[in-house]
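One-letter residues, chain by chain:
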Amino acid sequence: MASGLQRALGTEPAEALDAMANMLNVISAQVTVRPSGHQFVLEGNDSILQAGLKAGLRLGYGCGTGTCGLCKARVVAGEARSTQHADYSLSEVESSRATSCCARTPRSAMW
């Protein structure tokens, strides 16, 4: 597969492409849930909800696909970025919120 990537891109050696792919898999961010203070690490492509559930937290959610809005949470600090389309649209009043099943954080965040 690496040689296929090398042929397709034609500019980088296969080892460099493997290193870049591995780097993307270890990107992580620290998330703190307020007011409890529970913390967990979000790694790779997990959504905030997936990472919290993997860490053993009981986080509220319904569908897990961005349809119901039950997992929406307020972003107190940091930033949340959408990772997939959510059918549930946040109102203008909810602009400081994000649906945790469809978002991840590039750095640290507080919820």
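Residues numbered from 1 in each chain as written. Predicted model: local features only at pLDDT ≥ 70, side-chain atom pairs only at ≥ 80, totals over all residues. Heavy atoms only, no water.

1. Description of the environment of Gly-66
Defined as follows: By definition, any uninterrupted DSSP run of H or I lasting at least four residues is a helix, any uninterrupted run of E lasting at least two residues is a strand, and each is numbered from the N terminus. In this analysis, two residues are considered to be in contact whenever any of their non-hydrogen atoms come within 4.5 Å of each other.
Mapped onto the fold, Gly-66 is located in the loop between α3 (48-54) and β3 (72-74). Each C-alpha atom, one on Gly-66 and one on Tyr-88, is 5.7 Å from the other, the two residues being 22 residues apart in sequence. Not counting residues within four places of it along the chain, the set of residues in contact with Gly-66 comprises Ala-86, Asp-87, Tyr-88, Cys-101 and Cys-102.

2. Comments concerning the pattern of salt bridges
Put simply, the rule is: Just to be clear on terms, a salt bridge is a Lys or Arg side-chain nitrogen sitting within 4 Å of an Asp or Glu carboxyl oxygen. For the exposure calls, accessible area comes from a 1.4 Å probe over protein chains only, and a residue counts as buried if that area is under 20% of its type's maximum, exposed if over 50%, partly exposed in between.
All told, the structure shown has two salt bridges when counted by the stated rule. The closest approach of N and O atoms between Asp-46 and Lys-54, which form a salt bridge, is 2.9 Å. Here Arg-81 and Glu-79 are joined by a salt bridge, their closest N and O atoms 3.0 Å apart. For Arg-81, a relative accessible area of 44% translates into the label partly exposed. Residue class for Glu-79 comes out partly exposed when judged on its relative accessible area of 28%.

3. Things to note about the side chain of Asp-46
Inclusion rule: Two N or O atoms count as a polar contact when they lie within 3.5 Å, although within protein this holds only if one can serve as hydrogen donor and the other as acceptor, and sequence-adjacent residues are included solely when both atoms are side-chain atoms.
With respect to the helices, strands and loops of the structure, Asp-46 is situated in the loop between β2 (39-43) and α3. In this structure the side chain of Asp-46 is engaged in a polar contact, spanning 2.9 Å, whose partner is the side chain of Lys-54. Beyond its immediate chain neighbours, meaning those up to four positions away, Asp-46 contacts Ala-51, Lys-54 and Arg-104.

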